[in-house]
Amino acid sequence: MSSASSGGAEGSRQTPLAGVETICTHFAEEPIAQGGGASPPIHQSSTFMFPNAEAFETGRGMGPPQYEYTRVANPTTHILEQKLAALEHGTWARCFGSGMGAIVTAVGACLHAGAHAVVVGQCYGPTRTLMSHYLNRFGVETTYVHSVRSEDFLKAIRPNTRLMYLESPTTGYMEIPEIDPIARACRQRGVTTIFDNSWASPYFQQPLDFGVDLVVHSATKYIGGHSDVVAGAVIGRDDGLRRRVAAEGELLGATLDPFAAWLLIRGLRTLPVRMEQHQRSALALARLLESHPRVARVNHPGLESHPQHAVARRQLSGYSSLFSFQLTENSREATYRVMNRLRLFGIGVSWGGYESLVVGGSLFGHDPQRPDWIIRLYVGLESTDDLLADLSQALEA
Ligand SMILES: *Cc1c(COP(=O)(O)O)cnc(C)c1O
């Protein structure tokens, strides 16, 4: 794994060149200064008191973090924010009460009435609803790009474009657009780029290194890792964007609860070992599916057969465990039969926790008259052999 040379959000203890596993375990924590506990204190407090009136008058927003009110900042949440900034090779991070809270805040910080946004065609469903059915009420126009070619993203830019919203791999077919040329051109043209990095987690991909301006996460997924928290984060390097995201976040109020922040700090400690296990199991399952006669197509960017596998290898240092496939018998009945036969995969949305999950449905592929019936697997932390056996038996005709 690479190292975080830029480690350290504002006011953090300097831990130069901390490796990823060390950031997850120790970075930004000061157990001795905080009473010696190996686990940091949970500052479950809405407000913070000042020693005197003068400190209240002058202390706010100056020098080291001076906590005032938890919608603005909280010491437990700040530990998490420093770790996420370091993991994403950013200089600051801000956490939110959900991934959508993070996304609506980041997007809102970039747009105004009359502005235009370019959005990756297969983005996360609620992000699409935000752009098409919510922001259009405020006079924002959106163009969706159904392509992986950078030229097609750049062609969609207009004089009033303010935002390029990216996700890679994309939702559904797990396509991999090439980010570097898009980010570079956007920077030259004053278009802010946002990248949803939930799929890879900061363990396998650091989009800020490709020139992306803001990374957003559903921390509900791999960062939390135990299916017990809903949370989000925005990470960046630019100080102007930090101020805009902070101001927008304070107004919209999608604040992360300090206890949830503590659960996420706890989740991060095992992120590297979990991601290695997820990667191993998911690749084993994807290879089984790829060679199975009942399977028409497997959408996993780690397979050599994936159309953008070469780009995936450049952008990602590894692969997470959410992917999809399609049966040769492209029907609702066949798709649901396989889903219903699986025993270790719960039928349900979300992913990133310890437990394997499956969802299935129709997606419109190349032919809008003929939906592709897609099965999306989320591969959890069960034994790889048990998962392989379960998938094999579910595919028996
Ligand atoms: C789940 C998810 C989100 C939304 O996150 P919440 O924590 O559910 O609000 C955003 N993007 C992607 C890719 C997701 O999977």
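Note that the structure is a prediction, hence the values are computed from the model and not measured.

A. Seen up close, the pairing of strand E14 (residues 372–378). Of all the seven residues making up E14, six are buried; the element is thus mostly covered by neighbouring parts of the structure. The pairing of strand E11 (residues 322–327) with E14 spans four bridges and is antiparallel. Looking across to E14, one finds that Ser 324 is bridged to Arg 376.

B. Up close: the domain arrangement of the protein. Domain boundaries assigned for the protein yield domain 1 (20–269) and domain 2 (271–396). Averaged C-alpha coordinates put domain 1 and domain 2 at centres separated by 27 Å. Between domain 1 and domain 2, the residue contacts involve 34 residues of the former and 37 residues of the latter. Area buried by domain 1 at its contact with domain 2 is led by Tyr 173, Phe 204 and Tyr 222, which between them contribute 31% of it. For the pair domain 1 and domain 2, the number of links is one salt bridge. The salt bridge partner of Arg 314 is Glu 178, with a shortest N-O separation of 3.2 Å. Seen at the junction of domain 1 and domain 2, the total is 19 residue pairs in polar contact (both at pLDDT 80 or more). Tallied by class, residues from the side of domain 1 that touches domain 2 come to 17 nonpolar, 11 polar and six charged.

C. Up close: the sheet that holds strand E13 (residues 357–363). Within the open sheet, the five strands sit side by side as E10-E11-E14-E13-E12. Their pairing is mixed. What marks the edges here is a single partner per strand, and that holds for strand E10 (295–299) and strand E12 (346–347). In this structure, E10 lies alongside E11, joined through four bridges in antiparallel fashion. Bridge pairing in E11 links Asn 299 to Ser 324. Where helix H11 (residues 271–290) meets the sheet, its contacts fall on E10, E11 and E14, and the angle it forms with E11 comes to roughly 10°.

D. Here's a closer look at the nonpolar core. In this structure, Leu 80, Leu 84, Trp 199, Leu 256 and Leu 264 are the most contacted members of the largest nonpolar core, which totals 48 residues. Elements with a contribution of two residues or more to this core: helix H1 (20–25), helix H3 (75–87), strand E3 (92–96), helix H8 (201–204), strand E9 (232–236), helix H10 (258–269), H11 and helix H12 (309–315). Element by element, the count of residues in this core is highest for H10, at seven residues. Taken together, domain 1 (20–269) and domain 2 (271–396) each give at least three residues to this core, which thus spans both. With residues up to four places along the chain from it excluded, the contact list for Trp 199 reads Pro 169, Met 174, Tyr 222, Pro 301, Leu 316, Tyr 319, Ser 320, Leu 322 and Trp 351. Core analysis: the second largest hydrophobic core is formed by 42 residues, Val 120, Met 131, Met 164 and Val 212 among them.

E. How the structure looks around the sheet that holds strand E6 (residues 161–167). If you walk across this open sheet you meet the seven strands as E3-E9-E8-E7-E6-E4-E5, and the pairing is mixed. Only two strands of the sheet have a single neighbouring strand rather than two, namely E3 and strand E5 (141–145). This sheet shows a mean twist of 20° between the axes of neighbouring strands, independent of strand direction. Pairing of strand E8 (residues 214–218) with E9, which is carried by five bridges, proceeds in the antiparallel orientation. In the strand pairing of E9, His 217 is matched with Ala 233.

F. Looking closely at the packing of aromatic side chains. Counting across every chain of the model gives eight aromatic pairs. An angle of 45° between the planes, with centres 5.9 Å apart, marks the rings of Phe 48 and Tyr 67 as tilted. In this pair, Phe 48 is assigned in the loop between H1 and helix H2 (53–58) and Tyr 67 in the loop between H2 and H3, connecting sequence segments 19 residues apart. Each member of the pair Phe 48 and Tyr 67 is classed as buried. On the numbers, 5.2 Å between centres and 80° between planes, the contact of Phe 50 with Phe 56 is edge-to-face. With a relative accessible area of 40%, Phe 56 lands in the partly exposed category. Members of the aromatic cluster, connected to one another through ring pairs, are Tyr 222, Trp 351 and Tyr 378.

G. Fine view of the site of the ligand. Taken together, 13 residues sit near the ligand, with Gly 99, Met 100, Asp 196, Thr 220 and Lys 221 positioned nearest. Separating an oxygen atom of the ligand from a backbone N or O atom of Gly 99 is a distance of 2.8 Å. Contact with the protein chains hides 88% of the accessible area of the ligand, taken as 380 Å² for the molecule alone. Looking at the shell around the ligand, the element that brings in the most residues is helix H4 (residues 99–110), giving three residues. Residue classes in the shell around the ligand are distributed as five nonpolar, five polar and three charged.

H. Representation of the packing of H3 against H10. Running from N to C, H3 and H10 cross one another at 40°; their axes reach a closest spacing of 8 Å. Classified by the interaxial angle, the pair formed by H3 and H10 is oblique. Relative to H10, the crossing made by H3 is left-handed. Note on element contacts: H10 touches H3 through Pro 258, Ala 261, Trp 262, Leu 264, Ile 265, Leu 268 and Arg 269, opposite Thr 76, Thr 77, Ile 79, Leu 80, Lys 83, Leu 84 and Leu 87. Its residues placed into classes, the contact of H3 with H10 shows 10 nonpolar, two polar and two charged.

I. Structural detail: the pattern of salt bridges. Taken as a whole, this structure holds 14 salt bridges when the rule is applied. The partner of Arg 149 in a salt bridge is Glu 151, and the shortest N-O contact between them spans 3.2 Å. Under the relative-accessibility criterion, Arg 149 is labelled partly exposed at 46%. Close ionic contact of Arg 341 with Glu 396 constitutes a salt bridge, the shortest N to O distance being 3.9 Å. Pair noted here: Arg 341 is in helix H13 (residues 332–341) and Glu 396 is in the segment after helix H14 (384–395), with a separation of 55 residues, a long-range link. Looking at Arg 341, the relative accessible area reads 32%, which means it is partly exposed. Through salt bridges with shared partners, a single network forms among Arg 149, Glu 151, Asp 152 and Lys 155.

Rules behind the numbers
- Residues numbered from 1 in each chain as written.
- Predicted model: local features only at pLDDT ≥ 70, side-chain atom pairs only at ≥ 80, totals over all residues.
- Heavy atoms only, no water.
- Buried < 20%, exposed > 50% of the residue type's maximum accessible area, 1.4 Å probe, protein only.
- Helix = DSSP H or I, 4+ residues; strand = E, 2+ residues; numbered from the N terminus.
- Pairing = 2+ DSSP bridges.
- Domains from an automatic or database assignment.
- Contact = heavy atoms within 4.5 Å.
- Buried area = accessible area lost by both parts, 1.4 Å probe.
- Salt bridge = Lys/Arg side-chain N within 4 Å of Asp/Glu carboxyl O.
- Polar contact = N/O pair within 3.5 Å; in protein donor to acceptor, adjacent residues only side chain to side chain.
- Nonpolar A, V, L, I, M, F, W, Y, C, P; charged D, E, K, R; others polar.
- Axes fitted to C-alpha atoms, helices over the stretch in contact; angles between N-to-C directions.
- Core = buried A, V, L, I, M, F, W, Y, C linked by side-chain atoms within 4.5 Å.
- Phe/Tyr/Trp six-rings, centres within 6.5 Å; stacked < 30°, edge-to-face > 60°.
- Near = heavy atom within 4 Å.
- Areas by Shrake-Rupley, 256 points an atom, 1.4 Å probe, with all protein chains shown as cover.
- Parallel < 35°, antiparallel > 145°, perpendicular 65-115°, else oblique.
- Left-handed = near helix turned anticlockwise from the far one by under 90°.

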